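Breakdown of the fold
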Amino acid sequence: MDINKRTKFESLLICAVCLFLILSCWSDDAIIEYATLEQRLEQVIERFISTNSIRTAISIGVYNNHIQFVKNYGIISLANSDYQKNDEQTLHYVYSITKTIIAATVVSFIEEGKLSYNDTIQHFFPTLCEDYDIDENYINIDATVYELLTHTSGICDYSENHKLYSQNPFVSQSWDPLLLLHYIEHIRQNRGEFIYSSTNFILLGAILEKVSNKQLNELLKERFFLPLNLTASFLMPQEEIDYTRISHPHVYPNTQLNLSSDENIPIDCISVFFPLPLIEILGKSTWAAGGIISNAADMSLWGYALFSSHENATLTKIREHFFDSVANFSNENSEAYGIGCRKIYHPNKKDWFIGSYGRSLGSENLLYYAPQCDTCFVILTSANTAADGNPNIDDLLFTLFEEVAK
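Residues numbered from 1 in each chain as written. Predicted model: local features only at pLDDT ≥ 70, side-chain atom pairs only at ≥ 80, totals over all residues. Heavy atoms only, no water.

Inspection of the entire model under this criterion finds 16 aromatic pairs. Geometrically, the ring pair formed by Tyr117 and Tyr146 is edge-to-face, given 5.4 Å between the ring centres and 90° between the ring planes. In this pair, Tyr117 sits in the loop between helix 4 (98–111) and helix 5 (121–124) while Tyr146 sits in helix 7 (residues 145–149), placing the two residues 29 residues apart along the sequence. Under the relative-accessibility criterion, Tyr146 is labelled partly exposed at 37%. Geometrically, the ring pair formed by Phe377 and Phe401 is edge-to-face, given 6.5 Å between the ring centres and 70° between the ring planes. Linking Phe377 in strand 12 (residues 375–381) with Phe401 in helix 15 (residues 393–405), this pair joins segments that are 24 residues apart in sequence. Across this residue pair, the class does not change: Phe377 and Phe401 are buried. Here Lys99 stacks its cationic end above the ring of Phe201, 5.7 Å away from the centre of that ring. (Phe/Tyr/Trp six-rings, centres within 6.5 Å; stacked < 30°, edge-to-face > 60°. Helix = DSSP H or I, 4+ residues; strand = E, 2+ residues; numbered from the N terminus. Buried < 20%, exposed > 50% of the residue type's maximum accessible area, 1.4 Å probe, protein only. Lys NZ or Arg CZ within 6 Å of the ring centre and 35° of its normal.)

Pasting the structure below:
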C-alpha cells in the first residue's frame, strides 16, 4: 500500500473508531433525543414496561395532526395461556373515560334545547324512589343535570360497595341500570358539595334514554361512534361482544382485595371471582358510568376530536362547555373536576391536561389532552397499581408529553 493510500485508510479508521467511541458513550436519553418521535415514544414506553416488569396488557395512543401512534404490549390474561397477546383486536374497559362521552352527549342535547342544565332528576323520574323502592334519604331528587355532570349532586357512589362484584343480582336476573341505586351505602350529602360518584352518570344515562327514547348504546353510535369512525367502541352491556377479546382485570397482591401471591405478580381477577361472568358483570355494573370497551386507537381519536380546536368543527360548542367548566381551576386544584372531565397539571405546575382517568377493579386508564402541544394521550392497562404505588401511569403520561412537546 503506498503512503497516500495508507494515510487515507488510517484516517478513515481513526474516524470510525472515534465515531464508535462517541456513540458508545452516549446515554439512552441522548440516543432518544436524536431518534424520530415515534422511536422516542417507543423507547420511553419500553423503558417504563421494563422498569415496572409489566406483563399484563398495556395499550398506548398518542394522537395529533402529525402523529397517530398506537402500540399494544403484554397479554390479556396471566392465568390463562389460551388467551392471546394484547393487540389491535383487544378491547379494554375504559371505565370512567366513558364519562367524557356521556357528558358530551348530554351537552349536545343541551345545545339542541332538548335538555337544560337546570332540569332535575324528579323532572324525568317523578316517582323514582317509589318505583325502585329506594329510601329517599339516599337520593337528592331535586339534583340538577349540571350537578350530576360535575359530581355536586350530593348523591354517594354506589360503585364503592364491594357487594357489587360478590353479590351482584345481574348474574341471575334481568338487567336494569337503575337497580344499581340499591348499592348506595351512604346517606345523601348537601347539593353543591363535590363527591365523585358514578351514581351521577347512571342517572344521566337513564335521563338520556328517557329524552331520546333510544337505548343509550344506539344513541352513542348515532352521535359519535359512527360519525367519528370509532369502530372498536361499544357500550356494555347493551352490545353483543366476543368476551375473549376483552382484556382481563388484574389486581396486585396486598392491594384492594388483600389477595396474596408470589413475587408481586398481578392476579387475574376472573380466576378469583367467576370463571366466566365477571367481564359481563363489569358492564352491567358500570354502564353509563364506565361501561365502554374500546382500544387505544379509538380513544385517542375520540379525545382529540373532543378537545382539539383543530379537529371536528361540529364538536366546537360541546368542546367549549368542557373547557369553560375547568377554566378557573389552578394547579392547587389537584384533579379538579368539571363537566365530565378533570384538569390535571404536569409536575412543573405550568403545563396542564384536560380529560379523565378510568380506574376500577383490576384496571387503570387515562385519556388526557394537552393544549400546549395539541395532542391527546391515552393509556389503557389491565392491572391496578402495586402496593408501592408503581407502575404509575401518570409518570408515563408526563414523559410521553415531554417527548411530543420538545
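A few words on the pattern of salt bridges. Counted by the stated rule, this structure contains 11 salt bridges. The salt bridge involving Arg223 is made with Glu112; its shortest N-O contact spans 2.9 Å. Placement of the pair is Arg223 in helix 10 (residues 216–225) and Glu112 in the loop between helix 4 and helix 5, with a sequence separation of 111 residues. For Arg223, a relative accessible area of 18% translates into the label buried. On the basis of relative accessible area, Glu112 is assigned to the partly exposed category, the value being 42%. For the salt bridge of Lys284 with Glu280, the shortest nitrogen-to-oxygen distance reads 3.1 Å. Placement of the pair is Lys284 and Glu280 together in helix 12 (residues 278–290), with a separation of four residues, close to one helical turn. (Salt bridge = Lys/Arg side-chain N within 4 Å of Asp/Glu carboxyl O.)

Here we take up the side chain of Asn52. Tracing the backbone through its elements, the reader meets Asn52 in the loop between helix 3 (37–51) and strand 1 (58–63). Take Asn52: its relative accessible area is 19%, and that puts it in the buried class. Within polar-contact distance, the side chain of Asn52 engages the backbone oxygen of Phe48 at 2.9 Å. Setting aside chain neighbours within four positions, we find Asn52 in contact with Asn390 and Pro391. (Polar contact = N/O pair within 3.5 Å; in protein donor to acceptor, adjacent residues only side chain to side chain. Contact = heavy atoms within 4.5 Å.)

With respect to the helices and strands, Asp394 occurs in helix 15. The buried charged residue Asp394 lacks any salt bridge, with Arg359 as its nearest oppositely charged partner at 4.9 Å. Side chain to side chain, Asp394 and Tyr357 meet in a polar contact 2.8 Å long. Here Asp394 is in contact with Tyr357 and Leu366, once residues within four sequence places are set aside. (Lys, Arg positive; Asp, Glu negative; His and termini not counted.)

Before going further, it helps to spend a moment on the sheet that holds strand 3 (residues 92–93). Strand order in this open sheet of three strands is 3-7-4, and the pairing throughout is antiparallel. In this open sheet, the two strands that pair with only one neighbour each are strand 3 and strand 4 (234–235). (Pairing = 2+ DSSP bridges.)

On the surface, Glu130, Asp131, Asp135 and Glu136 cluster together into a negatively charged patch. Within the secondary structure layout, Glu130 lies in helix 6 (residues 128–132). (Patch = residues over 30% accessible without salt bridge, like charges linked within 9 Å, V, L, I, M, F, W, Y side chains within 5 Å. Areas by Shrake-Rupley, 256 points an atom, 1.4 Å probe, with all protein chains shown as cover. Charge placed at Lys NZ, Arg CZ, Asp CG, Glu CD.)

Another point: helix 9 (residues 199–212). Here helix 9 spans 20 Å end to end across 14 residues, near enough to the 20 Å set by a 1.5 Å rise per residue. For helix 9, a buried count of 11 out of 14 residues is recorded, marking the element as mostly surrounded by other parts of the structure. Within the sequence span of helix 9, burial applies to Thr199, Asn200, Phe201, Ile202, Leu203, Leu204, Gly205, Ala206, Ile207, Leu208 and Ser212. Just downstream of helix 9 lies Asn213, where phi reads positive at about 60°. (Expected span 1.5 Å × (residues − 1).)

This paragraph deals with the nonpolar core. Ranked by size, the top nonpolar core spans 94 residues in total, and within it Leu128 and Trp302 carry the most contacts. In this structure Leu128 touches Ile121, Ile139, Ile141, Leu178, Leu181 and Leu203, once residues within four positions along its chain are discounted. Counting 28 residues, the second-largest nonpolar core is a separate cluster that includes Phe69, Tyr368, Ile379 and Phe398. (Core = buried A, V, L, I, M, F, W, Y, C linked by side-chain atoms within 4.5 Å.)

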